[in-house]
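# Working through the structure, step by step
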Amino acid sequence: MKVSIVLPPNSKEALETRERILEIATEQFARFGVRTITMEDIARQAGISKKTIYQEYADKRDLVKAVFARILEEDQKRLTFILETEDGVIEHLVQTSKMMRERLSSINPMVIMEVQKYFPEAWRMFEEFKEHTIQTDLVNVLEKGKELGYFRPEIDSLILAKVRMNQITSAFDPSNFANPEFNFVEEQLVLMDHFLHGIFTEKGRQAYHSQKEILN
DNA sequence: TACCGC
DNA sequence: AGCGGT
């Protein structure tokens, strides 16, 4: 039996078709995987025809890329915004770990493997994001944190930014996912915590922990 | 919605 | 076989 999702008859068309497709795709891909969800599934849930989807997106790869691009963009905005506020270093760190937990635990880990394997262009976008945005962001936080006395003054921001990036990358290694014991989200959070405690001053450590109490 | 081809 | 694409 087919289950059809009935939407409010015309929820004001507040969302453009393109946007609706993107939202449904984002949610469905994250929950069930980019391979198990078909273009037809998305069309059905959106209450439109496949043809309409293909008017907005050239093909499935294009749609997967758009989904990823949007997630990355949103996260980036949230993070740079925090760092632009005065000080903001500690808030940025705690917010980052919160975002990672929320984001990663809402994504079926299988999706990560599928995208690496079957949607290399979308994966490439993620890698570029890592290499440019995350690295730049890290160097900025590290520098600012040093100036404000949260991190030990002798640390090399660029080297440590790269170390941190390698930690992130290593947790994404497909061989990890083969192990059922492996908790992807937990590993990322533990690695981040460990990294931070290696560079905190006492002031930084305390600020981090009290900020965590407040925000989490 | 039917259909093709991978 | 079933999905992407027409």
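Structural data are supplied above this passage.
These remarks concern the structure in this document. It should be emphasised that the depicted structure is a prediction, and the values quoted were computed from it without experimental measurement. (Residues numbered from 1 in each chain as written. Chains lettered and ligands numbered in written order. Predicted model: local features only at pLDDT ≥ 70, side-chain atom pairs only at ≥ 80, totals over all residues. Heavy atoms only, no water.)

## Here we look at the nonpolar core
The condition that has to hold: In this description, a nonpolar core means a group of buried Ala, Val, Leu, Ile, Met, Phe, Trp, Tyr and Cys residues linked to one another through side-chain atoms lying within 4.5 Å. Partly exposed residues are those whose accessible area sits between 20% and 50% of the maximum for their type, while under 20% is buried and over 50% is exposed, using a 1.4 Å probe and protein chains only. Under the DSSP-based scheme used, a helix requires at least four consecutive residues in state H or I and a strand at least two consecutive residues in state E, with every element numbered from the N terminus.
If you look at the biggest cluster of nonpolar residues, it comprises 59 residues, and the most contacted ones within it are Phe29, Ile42, Leu63, Leu93 and Phe151. Mapped onto this core, the elements with two or more residues apiece are helix H1 (17–32), helix H2 (39–46), helix H4 (60–84), helix H5 (89–105), helix H6 (109–118), helix H7 (120–147), helix H8 (157–171) and helix H10 (184–197).

## Considerations on the environment of Lys144
Which entries qualify depends on this criterion: Throughout, a residue-residue contact means that at least one pair of heavy atoms, one from each residue, lies within 4.5 Å.
Tracing the backbone shows Lys144 in helix H7. In the structure, Lys144 is positioned 117 residues away from Glu27 in sequence and 36 Å away in space, judged by C-alpha atoms. Setting aside its immediate chain neighbours within four residues, Lys144 contacts Leu83, Thr85, Glu86, Asp87 and Val89.

## What about the protein's contact with DNA strand C?
Filter applied, for reference: For each residue, the test is whether any non-hydrogen atom lies within 4 Å of the molecule or strand; if one does, the residue is near. The definition of a polar contact used here is a pair of N or O atoms within 3.5 Å, where within protein one atom must be able to donate a hydrogen and the other to accept one, and adjacent residues in sequence count solely through side-chain atom pairs. All amino acids are sorted into three groups, where Ala, Val, Leu, Ile, Met, Phe, Trp, Tyr, Cys and Pro are nonpolar, Asp, Glu, Lys and Arg are charged, and the leftover types, Gly among them, are polar.
Every residue near DNA strand C is listed here: Thr38, Met39, Lys50, Tyr54, Asp59 and Lys60. Restricting the count to atoms of DNA strand C within 4 Å of the protein gives a sugar and phosphate share of 61%. Here Met39 contributes a backbone N or O atom positioned 3.1 Å from a phosphate oxygen of DNA strand C. Side-chain polar atom of Lys50 to a base oxygen of DNA strand C: 2.7 Å apart, as the coordinates give it. Class assignment for the residues of the surface near DNA strand C results in two nonpolar, one polar and three charged.

## Observations concerning the packing of H5 against H7
Two packed helices can be described by the angle between their axes and the distance between those axes. The following threshold applies: Note on geometry: axes are lines fitted to C-alpha atoms, helical ones only across the stretch in contact, with angles between N-to-C directions running from 0 to 180 degrees. Comment on the angle field: the value is read as roughly parallel under 35 degrees, roughly antiparallel over 145, roughly perpendicular from 65 to 115, and oblique elsewhere. Helix crossings get a hand from a simple test, with the near helix turned counterclockwise from the far one by less than a right angle marking a left-handed crossing and a clockwise turn marking a right-handed one.
One way to put it is that H5 packs onto H7 with a least axis distance of 9 Å and a crossing angle of 140°. In terms of axis orientation, H5 runs oblique to H7. The way H5 lies across H7 gives a crossing that is left-handed. Two secondary-structure elements touch here, H5 through Val89, His92 and Leu93 and H7 through Asp137, Val141, Lys144 and Gly145. Residue composition of the contact of H5 with H7, by class: three nonpolar, two polar and two charged.

## Some remarks on the packing of H4 against H5
The geometry of H4 relative to H5 is characterised by a closest axis approach of 8 Å and an angle of 160° between their N-to-C directions. With respect to H5, the axis of H4 lies roughly antiparallel. Pair H4 / H5 crosses with right-handed handedness. Across from Ile71, Glu74, Asp75, Arg78, Leu79, Ile82 and Leu83 in H4, the residues of H5 making contact are Val89, Glu91, His92, Gln95, Thr96, Met99, Glu102 and Arg103. Per-class residue counts for the contact of H4 with H5 are six nonpolar, three polar and six charged.

The analysis is restricted to geometry; functional conclusions fall outside its scope.
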